[in-house]
Amino acid sequence: MPGLLRGVARTAVVAGTATAVSNRVSRRQAGRWARQDYAQQEQYAQPEPPPPSAPPTTATDDDMSRKIEQLKQLGDLKAQGVLTDEEFEEQKRRLLS
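Residues numbered from 1 in each chain as written. Predicted model: local features only at pLDDT ≥ 70, side-chain atom pairs only at ≥ 80, totals over all residues. Heavy atoms only, no water.

J.: Give me the overall build of the chain: which residues, what numbers.
T.: Counting its regular elements, the chain contains 3 helices and 0 strands. The helix and strand sequence of the chain, counted from the amino end, reads α-α-α. Looking at the chain residue by residue over its 97 residues, the buried ones come to 5%. Entry remark: accessible area of the chain is about 8,800 Å², with carbon and sulfur atoms responsible for 58%. (Helix = DSSP H or I, 4+ residues; strand = E, 2+ residues; numbered from the N terminus. Buried < 20%, exposed > 50% of the residue type's maximum accessible area, 1.4 Å probe, protein only. Areas by Shrake-Rupley, 256 points an atom, 1.4 Å probe, with all protein chains shown as cover.)

Encoded structure:
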């Protein structure tokens, strides 16, 4: 009877080891195939559409905002004494024409 038990135990160990190795090989192959499939999918994937653009703004709004900002800067320079009244009026005339 001890020989029979030893033979059954040995068979169980061998079968368990074979199952573990087989499962590991299968998982590793599945991982390789998955990476290959992913790489192929990337090659044939459609490019993502560009994000929606901002709503169009009129050039006159941007231009007017820029002019107002420049006028404020000229006013600040005049208030600081960097520009004289004549220089301020000349720059303002050039900006608004």
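J.: Hey, could you go over the environment of D63 for me, with residue numbers and the actual values?
T.: For D63, the location among the structural elements is in helix α2 (residues 59–80). Relative accessible area serves as the criterion here: at 27%, D63 is assigned to the partly exposed category. At a separation of 2.6 Å, a polar atom in the side chain of D63 contacts the side chain of R66. (Polar contact = N/O pair within 3.5 Å; in protein donor to acceptor, adjacent residues only side chain to side chain.)

J.: Give me the lowdown on the pattern of salt bridges, citing residues and values where you can.
T.: For the coordinates displayed, the defined rule picks out 6 salt bridges. The closest approach of N and O atoms between D63 and R66, which form a salt bridge, is 2.6 Å. Placement of the pair is D63 and R66 together in helix α2, with a separation of 3 residues, close to one helical turn. Judged by its relative accessible area of 47%, R66 falls in the partly exposed class. Of the charged contacts, one joins K78 and D85 as a salt bridge, the two residues approaching to 3.3 Å between their closest N and O atoms. Taking the relative accessible area as the measure of exposure, D85 reaches 47% and is therefore partly exposed. (Salt bridge = Lys/Arg side-chain N within 4 Å of Asp/Glu carboxyl O.)

J.: Which residues make up the confidence of the model for the chain, and what values go with them?
T.: Parts of the prediction with low pLDDT should not have their coordinates interpreted in detail. Of the residues in the chain, 88% have a pLDDT of 70 or more, and the chain-wide mean is 81. Ranking the elements of the chain by mean pLDDT puts helix α1 (residues 2–44) last with 82 and helix α3 (residues 85–96) first with 88. (pLDDT = per-residue confidence, 0-100.)

J.: Which residues make up the side chain of K67, and what are the values?
T.: Within the element layout of this structure, K67 appears in helix α2. Not counting the four nearest positions on each side in its chain, K67 is found in contact with L95 and L96. (Contact = heavy atoms within 4.5 Å.)

J.: Provide a residue-level description of a positive patch on the surface, including the pertinent values.
T.: A contiguous patch of positive charge, built from R24, R27, R28, R32 and R35, is present on the exposed surface. Residue position: R32 is located in helix α1. Given a relative accessible area of 45%, R32 falls into the partly exposed group. (Patch = residues over 30% accessible without salt bridge, like charges linked within 9 Å, V, L, I, M, F, W, Y side chains within 5 Å. Lys, Arg positive; Asp, Glu negative; His and termini not counted. Charge placed at Lys NZ, Arg CZ, Asp CG, Glu CD.)

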